[in-house]
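Listed below, chain by chain, are the residues.
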Amino acid sequence: MVEKNSNSSSSLVGHSVWRACAIFWLLIVLGGAVHQWHFWQHPILSTDVMALLPKDESSAAVSIATERMSSQASRKVVVAIGAKEWEDVERALVAWRSVFTDDSGLAEHPIAQAEKIEQSIAFYAPYRDRLLTSDQRDLLKISTPSDWVSSALMTLIQPGPTRRVTTWSSDPLGLWPQWWATRAGDIRARLRNGEAYVTHDGLDWAVLVYESDRSAMSFDGEPHLRLLLARATAASLAVVPDVRLLQAGIPLHAEAAAVQAHGEVNTIGWGSLAAVMALLWLAFRAFRPILLTALSLLVGIAMATSATVLVFGQIHIVTLIFGSSLIGVAEDYGIHYFSARQATPDRTPMALIKILLPGLLLALLTSVLGYWVLGFAPFPGLRQMATFSAVGLGATFITAVLWFPWLDGLHAPVLTPLAYRVSKSLKRWPRLSSSIGGWTFVVFLVMFAVLGLIQLSSNDDLRQLQVGRSALIAQQREMSSLLELPSPTQYYVIKGHDAEEVLQREEALKVKLDRIVSDGSLQGYRALSDWIPSKAQQESDALLTAKVETVVIDGVAKSLGEVLKRDSFSSLSLTLPQWLANEVSRPARNLWLGDVGGDEVASVLMLRGELRSEYLSKLSAVTKDLDGVIWIDSTAKYSNLLATYRVAIGEWLVLGHILIFIALSWRFKGRAWRAWLPTFFSTILTFASLGWLGYPIQLFHILAFVLLLGVGIDYGIFLLEHPDDGGAWLAVILGSLSTVLSFGLLGLSQVPPLRAFGVTVLIGLSWVLLLTPLLRLSHRSELRV
Amino acid sequence: MGTAWCLVMTGAMTRRNIGVKFFALPLILNSPFLWAQSIDQILITRLKNRLSDEAIVRGRFEQSKQIKGFKQPLLSKGNFVTARQKGVIWQTRAPIESLLVLTKNRMSSRQADGRLVHQIDSNREPMAKLIIELMFAMLSPDLDTLSQRFKFEGSVLEEVWNLVLTPKDASLMALIPRIESQGNNYVRFVQWRDSMGDITQIRMFGQQASPSLSHEEEAYFG
């Protein structure tokens, strides 16, 4: 039915308004193009996995601690070289080091020099009398002086090299070597011939610490680090064939993830584009549909990238991967336009657009709503994806609506045989009816749904979302046990009004932790107050050692007939600023957070060794009666966050279904159920399918269902808008096929959240495609199921 | 991992020399080195031939330790038992009763009544491993272990031999820069100077082979 319509003046006005809008859009797009050109000269592409997780707003101290912990670790690469004999290790080291140059991108941390050791002994020496381990303190308190005199004598006469670090009269009981040994016990490595040395598993290991130079190592998708380390490995193996090499460090993971991600953007992006182009060609066999649709997609993606960069200052590679799947959704507008054109070649493009507009607009709104809900969870990564997708869809839509009437020619694409067959197939496509066959089908679906839902489980653990290369992770684990590294995800933050209060609170916490260490649930800890005790502690320890040591010195002097006097020590306590200013504080400096806002200062207490999950509750219970001590378990925190949002967004999903039904009813009145029910039932069937396949549900599956709602409903809308219209049917088939292909490609991603998205939408859309035509509206009576 | 700072602290326990430099062992393959190597081997072989190789040896010792800051040397005496491959028991009788038991992996010191005062296991700390190995090798004596760690210089004459040992390893050099020893069919005299400037001299005499260890002694080694 061709519209020979209205009043030419109003259509002329309509025309000029339309033209103005089109030109305005052109200007915006040109601005976007310039921005894009600039951006891609120096892309600010983030590949930091941590940036996708939400910041903890609850406490400034906690968020500073988290940032500090992750940034410290984020540039270090640790390498361990092991062999049965130390000489072999040294030869392998020489070969290893020969590969590195000044601009390799990895700078080695030098082992501390002899002069620095002298300095640290000299620094602490005036305060030696107030540095005690808790064991020493206990012993000093309970032993009698005569025990100590005989113990001191025994140590003196024992044959063998002395373990003292100062003169005897300044440390008659040999307390200080033991204190240093306990401090050294924080780190397993020792010095051997100028290298850091550890024994483990019967092998001697040398440990090298490197710092990655970010600027030289910008993650551009090339595996620089991996290649460099591979060359060094080959060099070492050539010299000592059975040497063992371990590498660990966040830059390795980050680079591997970046390489993977770059690959995926290309696969998914170009793959989707190729699929869309192929489908368009098969359907229309003309260049114009392909060119114009490609143009709308290009504009959409470009505008989306610009908008994201403007809002967030950078764009994350995961957003780009996700956004590349948008191609399969945004092509709907181009496809609908051209299928309609093909079906009704005698309508002008302008008139066609006006007819299609309501349906397309409704489809756009539901899709954008679906993507927008992604932004509700406070994950910066999701917010970026939501912004990108919403802007991308909007821009594609506007391009199609405003520009196609001008750019499309007078000749509509010719009806190709394929297009003809597909559009005619609509008539023959079965519709559901209340017959035996129909009810059997329904019953079968219901049973499938119920049985699948029973098998459904959920798993919100953060660890399953990590992009892991198993070889890297295995090495990381072995390195952690080799060096007994402290855990970066579970620790305590201790707050106070000044440094003294923080140190005293830490000491109270350590008393409780010592009990846990002694019953074997915890291997050890690293605390600031180990290196610099609180003033109160220093003063009481000084009194204690003075009391005991003077007795010991007198006793020994008397037995040996010597005249000995105790050395004098500083009358003032060691203060934190003094300690921080000296080189000696380097190993523990990172434990001090300093000013955390709100007039408070804070420190971090780290836990060593492997933390079993059954002991975590013990560790968190310790904070109960302690003021200002906060237990941080990042993994549990994020897992809880994921669980909370899974439930919350699940509720939004239900609400969304209801709202969309209302919106559809407003437009379609009593027939809205035909568009809505397929998507609703598909959602249930997809849940069931995931249950059958054994996938545990997590937040990203729920988000994918929201997406499914937004995208799947489009097909119902189109079939309701244009009942019995072969052109609309063609558009639905083409559109859904390309969307299914895009999300199918996304399902191949190695990034677990993206994989969840892909798989869920793939399954969901397949169900939608099955059910929507079964429930479609038709004005004819034809084949019924 | 903070830094590699802390790992040198056990070095600090035992090392005091400011002038210590770390250098890798130069791989010189020209004749002086080979010559010195063969001298080492010759010395060791001769020593092995010279020293009695009884399984269990008992004897007495007198030790004089000049400790920095003390006017007079610290004198002590007592007796010892060396059981080859098992361990050394060093029992001091004067000026205070004490017992030191050394095995390949452990060093423990006990009071007169046998109560344990202090014990170090060599696998707990790599530096302790070094010290224990060293003491065990010096007092047993275990020439093979010593030749791994030390350069041997000296002479083996008809009746007596004397040796000067210098460490091969830089960290050992910081611990004990030099050991001198003399003896005939048993080790009679050992002297060394350690990192804090203390000089120890031990005279061992009255050595005799012994058929077996007492139950108590076996228990200590166990």
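1. Examining the overall build of chain B
The secondary structure content of chain B amounts to six helices and eleven strands. Taken over 222 residues, chain B has a buried fraction of 52%. Sequence separation of 24 or more characterises 45% of the internal contacts of chain B that already satisfy a separation of 6 or more.

2. Notes on the confidence of the model for chain A
Of the residues in chain A, 93% have a pLDDT of 70 or more, and the chain-wide mean is 82. The low-confidence segment residues 1-7 of chain A, where pLDDT is below 50, has three contacts with residues more than four positions distant or belonging to other chains.

3. What to know about the pattern of salt bridges
Following the criterion strictly, the structure yields 21 salt bridges over all chains and no others. Taken together, the shared-partner salt bridges connect Arg128, Asp171, Glu549 and Arg566 of chain A into one network.

4. Some details on the sheet that holds strand β10 (residues 187-193) of chain B
Residues and elements named next belong to chain B. If you trace the eleven strands from one edge of the open sheet to the other, you get β6-β5-β4-β3-β2-β1-β11-β10-β9-β8-β7, paired in antiparallel fashion. Looking along the sheet, the strands with just one partner apiece sit at the ends: β6 (116-121) and β7 (150-156). Taking the axes of each pair of neighbouring strands and ignoring which way they run, one obtains an average angle of 15° across the sheet. In this sheet, β10 lies alongside strand β9 (residues 178-183) in antiparallel orientation, the contact comprising six bridges. Across the sheet, Ser181 pairs through a bridge with Val190, a residue of β10.

5. Things to note about unusual backbone geometry
A cis amide bond, omega 0°, links Ala94 of chain B with the succeeding residue Pro95 of chain B. Within the fold, Pro95 of chain B resides in the loop between β3 (87-94) and β4 (98-103). One non-glycine residue, Arg285 of chain A, adopts positive backbone phi at about 50°. Position of Arg285 of chain A relative to the elements: it lies in the loop between α9 (250-284) and α10 (287-312). Unusually for a residue other than glycine, Lys669 of chain A sits at a positive phi of about 55°.

6. Section: the side chain of Ser170 of chain A
Residues and elements named next belong to chain A. Along the chain, Ser170 turns up in the loop between α6 (145-157) and α7 (175-184). Within the structure, the side chain of Ser170 is placed 3.0 Å from the backbone oxygen of Thr167, a separation counted as a polar contact. In contact with Ser170, other than residues within four places in its own chain, are Arg128, Asp567 and Phe569.

7. Topic: the environment of Arg164 of chain A
Residues and elements named next belong to chain A. If you trace the backbone, Arg164 turns up in the loop between α6 and α7. On the accessibility criterion, Arg164 (10% relative accessible area) is buried. Separated by 262 residues in sequence, Arg164 and Leu426 have C-alpha atoms that sit 94 Å apart.

8. Regarding a nonpolar patch on the surface
Residues and elements named next belong to chain A. Taken together, the side chains of Val443, Val446, Met447, Val450, Leu451, Ile454 and Trp692 define a hydrophobic patch exposed on the protein surface, amounting to about 650 Å² of accessible area. The element best represented in the nonpolar patch is helix α16 (residues 436-454), accounting for six residues. By the element assignment, Val450 lies in helix α16.

9. Observations concerning the packing of helix α26 (residues 726-746) of chain A against helix α27 (residues 752-774) of chain A
All names here are of chain A. In the contact formed by α26 and α27, the axes pass within 7 Å of each other and the chain directions differ by 160°. In terms of orientation, α26 lies roughly antiparallel with respect to α27. You can see that α26 and α27 cross each other, and the crossing is left-handed. Of the residues in α27, those touching α26 at Trp729, Val732, Ser736, Thr739, Val740, Phe743, Gly744 and Leu746 are Leu754, Arg755, Phe757, Gly758, Val761, Leu762, Leu765, Leu769 and Pro773. Across the contact of α26 with α27, the residue classes tally to twelve nonpolar, four polar and one charged.

10. Overview of the packing of aromatic side chains
Residues and elements named next belong to chain A. Under the counting rule described, the total for this entry stands at 28 aromatic pairs over all chains. Here Trp86 and Tyr197 contribute two aromatic rings whose centre-to-centre distance is 5.1 Å and whose plane-to-plane angle is 75°, an arrangement assigned as edge-to-face. Within this pair, whereas Trp86 is found in helix α3 (residues 86-97), its partner Tyr197 is found in strand β5 (residues 195-200), the two being separated by 111 residues in sequence. Tyr197 carries the same exposure label as Trp86, and that label is buried. Ring centres of Phe338 and Phe404 lie 5.7 Å apart, and the angle between their planes is 45°; this geometry places the pair in the tilted category. With Phe338 in helix α12 (residues 327-343) and Phe404 in helix α14 (residues 380-407), this residue pair connects regions lying 66 residues apart in the sequence. Grouped by ring-pair contacts, the aromatic residues Phe123, Tyr124, Trp176, Trp179, Trp180 and Trp531 constitute a single cluster. One residue, Lys637, lies across the ring of Tyr638, its end atom 5.2 Å from the ring centre.

11. A short note on the confidence of the model for chain B
Residues and elements named next belong to chain B. A residue-level look at chain B finds 80% of positions with pLDDT of 70 or above and a mean pLDDT of 74. At the level of individual helices and strands, chain B shows its lowest average pLDDT in helix α1 (residues 9-14), which scores 38, and its highest in strand β1 (residues 56-66), which scores 89. Predicted confidence for residues 1-34 stays below pLDDT 50, and this span has 75 contacts to residues more than four positions away or in other chains.

12. Notes on α7 of chain A
Residues spaced three or four apart along an α-helix face the same direction, because each turn holds 3.6 residues. Within α7 of chain A, eight of the ten residues are buried, which leaves the element mostly enclosed by the surrounding structure. Taken together, the buried positions of α7 of chain A are Leu175, Trp176, Pro177, Trp179, Trp180, Ala181, Arg183 and Ala184 of chain A.

13. Considerations on the pairing of strand β11 (residues 592-595) of chain A
Residues and elements named next belong to chain A. Pairing between β11 and strand β12 (residues 601-608): three bridges, direction antiparallel. Its bridge partner lying in β12, Asp595 is registered against Val601. Counted along the chain from β11 to the antiparallel partner β12, the turn is five residues long, and its residue Gly597 has a positive phi close to 85°.

14. Focus: the packing of helix α5 (residues 134-142) of chain A against helix α20 (residues 535-560) of chain A
Residue and element names in this part refer to chain A. Taken N-terminus to C-terminus, the directions of α5 and α20 make an angle of 45°; their axes are 10 Å apart at the nearest point. With respect to each other, α5 and α20 are oriented oblique. Both α5 and α20 take part in a crossing whose hand is left-handed. Between α5, through Arg137, Leu140 and Lys141, and α20, the contact on the second element is made entirely by Gln537, Asp541, Leu544, Thr545 and Val548.

15. Some remarks on the pairing of strand β9 (residues 486-496) of chain A
Residues and elements named next belong to chain A. Buried residues dominate β9, accounting for nine of its eleven residues. With seven bridges connecting them, β9 and β12 associate as antiparallel partners. The partner of Tyr492 across the bridge, within β12, is Leu605. The sheet contact formed by β9 and strand β13 (residues 629-633) spans five bridges and is antiparallel. Its bridge partner being in β13, Tyr492 is matched across the sheet by Trp631.

Definitions and cut-offs
- Residues numbered from 1 in each chain as written.
- Chains lettered and ligands numbered in written order.
- Predicted model: local features only at pLDDT ≥ 70, side-chain atom pairs only at ≥ 80, totals over all residues.
- Heavy atoms only, no water.
- Helix = DSSP H or I, 4+ residues; strand = E, 2+ residues; numbered from the N terminus.
- Buried < 20%, exposed > 50% of the residue type's maximum accessible area, 1.4 Å probe, protein only.
- Contact = heavy atoms within 4.5 Å.
- pLDDT = per-residue confidence, 0-100.
- Salt bridge = Lys/Arg side-chain N within 4 Å of Asp/Glu carboxyl O.
- Pairing = 2+ DSSP bridges.
- Axes fitted to C-alpha atoms, helices over the stretch in contact; angles between N-to-C directions.
- Polar contact = N/O pair within 3.5 Å; in protein donor to acceptor, adjacent residues only side chain to side chain.
- Patch = residues over 30% accessible without salt bridge, like charges linked within 9 Å, V, L, I, M, F, W, Y side chains within 5 Å.
- Areas by Shrake-Rupley, 256 points an atom, 1.4 Å probe, with all protein chains shown as cover.
- Parallel < 35°, antiparallel > 145°, perpendicular 65-115°, else oblique.
- Left-handed = near helix turned anticlockwise from the far one by under 90°.
- Nonpolar A, V, L, I, M, F, W, Y, C, P; charged D, E, K, R; others polar.
- Phe/Tyr/Trp six-rings, centres within 6.5 Å; stacked < 30°, edge-to-face > 60°.
- Lys NZ or Arg CZ within 6 Å of the ring centre and 35° of its normal.

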